[in-house]
Amino acid sequence: MMRVLVVDDDFMVARVHSGYVARIPGCEVAGVAHTAADTVRLAVQLRPDLVLLDVYLPDRSGIEVLRELRTGAPDDPFVLVITAADDPATVTAALHGGATHYLVKPFDAAALREHVERVARVRGRLAGLSRAAQDDIDSVFGGRHGATTRLPKGLTGPTAQLVERVLREHDGDLSAAECAELTELSRVSARRYLEHFVATGAATVRLRYGGTGRPERRYRRSG
């Protein structure tokens, strides 16, 4: 179970984001903070795995809080910055401060879930390693090469790069059938590559329900 601290100066927004988190399998809301002081206090008290951090807090900037939370210790929480600030200076400061990612408001539950699940995959991948190979490191840092090295039997590098390019350039998510059409592969082959990317953390998958029968698996490139 990944424990999440939700931080937002707006009580209603914090409630909405908490609801989003609560609906993500394997996640729970460990606490909610509305100020920088409460964020630091609860981070020490609750030891969350992930902090959803607003930038515009009433007492101090969330960027300052980010620097306090990300000390470089192995047990520091991951921090996903969630804010209306879209200026390059703030984005750069968040990146330099150690933010896992940066999500601009407004967004929907699916967008938040994608980033939270990526943090969960990274945590799980690191926890299961005694030593990190380069493809493990590439996957953790969102690099492209980790998706196409050490391919399972039957998959080839050039085709993996083709499918990866389609994922990268496609606006939004896509199904295995749509990927097959764009790459001129069979649906079965396209799905094998897509599922490989999900397994390595290079892509995410969500289920789209509608009508009868099985839900459709929709894929999107991570990072």
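Residues numbered from 1 in each chain as written. Predicted model: local features only at pLDDT ≥ 70, side-chain atom pairs only at ≥ 80, totals over all residues. Heavy atoms only, no water.

*Asks:* Residues and numbers for the overall build of the protein chain, please.
*Replies:* In terms of regular secondary structure, the protein chain is built from nine helices and seven strands. For 223 residues, the compact-globule formula gives about 17 Å, and the C-alpha radius of gyration of the protein chain, at 19 Å, lands near that figure. The principal-axis extents of the C-alpha atoms in the protein chain amount to approximately 55 × 45 × 35 Å. Counting all 223 residues of the protein chain, 42% fall into the buried class. Counted over contacts in the protein chain with a minimum sequence separation of 6, partners at least 24 positions apart contribute 57%. Of the roughly 11900 Å² that the protein chain leaves accessible, carbon and sulfur atoms contribute 53%. Computing the positive centroid from 30 side-chain charges and the negative centroid from 29, the protein chain places the two 7 Å apart. (Helix = DSSP H or I, 4+ residues; strand = E, 2+ residues; numbered from the N terminus. Rg over C-alpha atoms; globule rule 2.2 N^0.38 Å. Buried < 20%, exposed > 50% of the residue type's maximum accessible area, 1.4 Å probe, protein only. Contact = heavy atoms within 4.5 Å. Areas by Shrake-Rupley, 256 points an atom, 1.4 Å probe, with all protein chains shown as cover. Lys, Arg positive; Asp, Glu negative; His and termini not counted. Charge placed at Lys NZ, Arg CZ, Asp CG, Glu CD.)

*Asks:* Account for unusual backbone geometry, naming residues and giving values.
*Replies:* Of the consecutive residues Lys-105 and Pro-106, the connecting peptide bond is found in the cis state with omega at -5 degrees. Inspection of the secondary structure assignment puts Pro-106 in the loop between β5 (101-104) and α5 (109-127). Positive phi, close to 50 degrees, is recorded for Arg-47, a residue that is not glycine. Mapping Arg-47 onto the fold places it in the loop between α2 (36-46) and β3 (50-53). Positive phi is not limited to glycine here, since Glu-184 has a value of about 60 degrees. Position of Glu-184 among the secondary structure elements: in the loop between α8 (176-183) and α9 (187-200). For Glu-184, a relative accessible area of 75% puts it in the exposed group.

*Asks:* Please provide a residue-by-residue account of the sheet that holds strand β2 (residues 27-33), values included.
*Replies:* In sheet architecture, strand pairing relies on hydrogen bonds along the backbone and comes in two forms, parallel and antiparallel. If you walk across this open sheet you meet the five strands as β2-β1-β3-β4-β5, and the pairing is parallel. Edge positions in the sheet fall to β2 and β5, since each has one partner strand and no second. Across the sheet, the mean angle from the axis of one strand to that of its neighbour is 20 degrees, orientation sign disregarded. Relative to β3, strand β1 (residues 2-7) is paired through three bridges, and the arrangement is parallel. In the sheet register, Val-6 faces β3, and the bridge partner there is Leu-52. Sheet strands touched by helix α1 (residues 11-22): β1, β2, β3 and β4 (78-83). Its angle to β2, the strand with the most contacts, is close to 165 degrees. (Pairing = 2+ DSSP bridges. Axes fitted to C-alpha atoms, helices over the stretch in contact; angles between N-to-C directions.)

*Asks:* So what's going on with the packing of α8 against α9? Which residues, and what values?
*Replies:* Between α8 and α9, whose axes approach to 8 Å, the crossing angle comes to 110 degrees. Between α8 and α9, the angle falls in the class roughly perpendicular. Residue-level contacts link Ala-176, Ala-177, Cys-179 and Ala-180 of α8 to Arg-187, Ala-190, Arg-191 and Leu-194 of α9. For the contact of α8 with α9, the class distribution of residues is six nonpolar, no polar and two charged. (Parallel < 35°, antiparallel > 145°, perpendicular 65-115°, else oblique. Nonpolar A, V, L, I, M, F, W, Y, C, P; charged D, E, K, R; others polar.)

*Asks:* For the pattern of salt bridges, give the residues involved together with the corresponding values.
*Replies:* All told, the structure shown has 17 salt bridges when counted by the stated rule. Measuring nitrogen to oxygen at the nearest pair gives 2.7 Å for the salt bridge that ties Glu-68 to Arg-60. Judged by its relative accessible area of 28%, Arg-60 falls in the partly exposed class. Among the ionic pairs, Arg-113 bridges to Glu-117, the shortest N-O distance being 2.6 Å. In this pair, Arg-113 and Glu-117 both sit in helix α5, four residues apart, roughly one turn of the helix. Salt bridges here are not isolated pairs; linked through shared partners, they connect Asp-173, Glu-178, Arg-206, Arg-208, Glu-216 and Arg-218. (Salt bridge = Lys/Arg side-chain N within 4 Å of Asp/Glu carboxyl O.)

*Asks:* Before we move on, could you go through the side chain of Asp-173 and cite the residues and values that matter?
*Replies:* Inspection of the secondary structure puts Asp-173 in the loop between α7 (157-169) and α8. Residue class for Asp-173 comes out buried when judged on its relative accessible area of 12%.

*Asks:* Hey, could you go over the pairing of β2 for me, with residue numbers and the actual values?
*Replies:* The sheet contact formed by β1 and β2 spans six bridges and is parallel. Within the sheet, the bridge partner assigned to Val-4 lies in β2 and is Val-29. Handedness of the β-α-β unit built from β1, α1 and β2 comes out right-handed. (Right-handed = clockwise from strand over helix to strand, strands pointing away.)

*Asks:* So what's going on with the environment of Val-13? Residues and values would help.
*Replies:* Tracing the backbone shows Val-13 in helix α1. Judged by its relative accessible area of 25%, Val-13 is partly exposed. For the pair Val-13 and Leu-194, spaced 181 residues apart in the sequence, the C-alpha separation amounts to 34 Å. If we ignore the near neighbours within four places in the chain, the residues touching Val-13 are Asp-8 and Lys-105.

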